[in-house]
Amino acid sequence: MTSPKSVTRSAPSTVQAATVSSSLLTVQTSGHGFTDLTGEAAKFINEVRARDGALTLFIRHTSASLTIQENADPSVLVDLTTALSRLAPENAGWTHDTEGPDDMPAHIKTMLTGASLQVPVLNGRLALGTWQAIYLIEHRRRPHRREVVLQFVGSAIP
């Protein structure tokens, strides 16, 4: 048996989920790399006058993905890019190469990182941690136009 640890929890709050608001965010990437979507997500939450609920982000592609990661030190994003390249290198002899040698590795990287995220919204604000940001990760070498569906479900300020 493990020893008890100090754990605290705030009192639960309950709201009637009466609002569903959606928007399509279009992002032009410049090739491999991370694009910070946190500001756009926060702007959407503000525009729909969200109070409490959840924001879902869903990318409509199979060679780009979404993640929540550190936003303080840019070297984190460099190291994450390196790690993904090591996990799914372009020169691994993939069968699927119709769109080029970076296509199949892009699909694998998307499978590893994910196509959707959900972020709680509390008191009209994204409940991200101090050093967290929402990123679109472009896994292809060349620029692409990516679409991310934003959907808030919860209560809104009248």
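## Observations concerning the packing of aromatic side chains
To describe a pair of aromatic rings, you give the distance between the ring centres and the angle between the ring planes. Evaluation of the coordinates by the stated rule reveals one aromatic pair. With a centroid separation of 5.6 Å and an interplanar angle of 90 degrees, the aromatic rings of Phe34 and Tyr135 are classed as edge-to-face. Here Phe34, found in strand 2 (residues 33-36), pairs with Tyr135, found in strand 7 (residues 132-138); they are 101 residues apart in sequence, far enough to count as distant. The pair Phe34 / Tyr135 is uniform in exposure class, with both members buried.

## Brief notes about the pairing of strand 7
Residues in a regular strand point their side chains to alternate faces of the sheet. Counting buried positions along strand 7 yields six of seven residues, so the element is predominantly enclosed. Strand direction decides the pairing type here: strand 2 and strand 7, joined by four bridges, are antiparallel. Looking at strand 7, one finds that Phe34 is bridged to Ile137. Summarising the sheet, strand 4 (residues 64-70) and strand 7 pair through seven bridges and their orientation is antiparallel. Pairing of Ser65 across the sheet is with Ile137, part of strand 7.

## Comments concerning the side chain of Arg146
Secondary-structure assignment places Arg146 in strand 8 (residues 145-156). A polar contact is formed between the side chain of Arg146 and the side chain of Ser63, at a distance of 3.1 Å. When residues no more than four places from it in sequence are discounted, the contact partners of Arg146 are Leu25, Thr26, Val27, Thr29, Ile59, His61, Ser63, Ala64, Leu136, Glu138 and Arg140.

## Remarks on helix 1 (residues 38-47)
For helix 1, every residue scored as buried is listed here: Thr38, Ala41, Phe44 and Ile45. The buried residues of helix 1 occupy one face: seen down the axis, they fall within an arc of 125 degrees. When the buried face of helix 1 is taken as reference, the exposed residues oriented beyond 90 degrees from it are Asn46 and Glu47.

## Some remarks on the nonpolar core
By size, the foremost hydrophobic cluster in this structure holds 22 residues, and its most contacted members are Leu55, Leu57 and Val148. Contributing elements (two or more residues each) for this core: strand 1 (19-28), helix 1, strand 3 (50-59), strand 4, strand 5 (116-122), strand 7 and strand 8. The greatest single-element share of this core, amounting to four residues, is contributed by strand 3. In contact with Leu55, not counting residues within four places along its chain, are Ala41, Phe44, Ile45, Leu117, Gln118, Val119, Val121, Leu126, Leu150, Gln151 and Phe152. Core analysis: the second largest hydrophobic core is formed by five residues, Leu77, Ala133, Tyr135 and Ile137 among them.

## Some words on empty space enclosed by the protein
Inspection of every chain in the model, using the stated rule, returns one cavity of 30 Å³ or more. One number sums up the size of the largest cavity: a volume of about 60 Å³. Elements represented by at least two residues in the lining of the largest cavity include exactly strand 2, helix 2 (75-87) and strand 7. A per-element tally of the lining of the largest cavity places helix 2 first, with three residues.

## Some details on helix 3 (residues 103-113)
The set of residues buried in helix 3 consists of Asp103, Pro105, Ala106, Ile108, Lys109 and Thr110. Buried residues along helix 3 sit against strand 4 and helix 2. Two residues or fewer after helix 3 comes Gly114, characterised by a positive phi angle close to 110 degrees.

Cut-offs and rules
Residues numbered from 1 in each chain as written. Predicted model: local features only at pLDDT ≥ 70, side-chain atom pairs only at ≥ 80, totals over all residues. Heavy atoms only, no water. Phe/Tyr/Trp six-rings, centres within 6.5 Å; stacked < 30°, edge-to-face > 60°. Helix = DSSP H or I, 4+ residues; strand = E, 2+ residues; numbered from the N terminus. Buried < 20%, exposed > 50% of the residue type's maximum accessible area, 1.4 Å probe, protein only. Pairing = 2+ DSSP bridges. Polar contact = N/O pair within 3.5 Å; in protein donor to acceptor, adjacent residues only side chain to side chain. Contact = heavy atoms within 4.5 Å. Arc of directions from axis to C-beta. Core = buried A, V, L, I, M, F, W, Y, C linked by side-chain atoms within 4.5 Å. 1 Å grid on protein atoms, 1.4 Å probe; cavity = no way out; pocket = protein on both sides within 12 Å on 5 of 7 lines; lining within 4 Å. Points joined across faces, edges and corners; volume = space filled by probe spheres on them.

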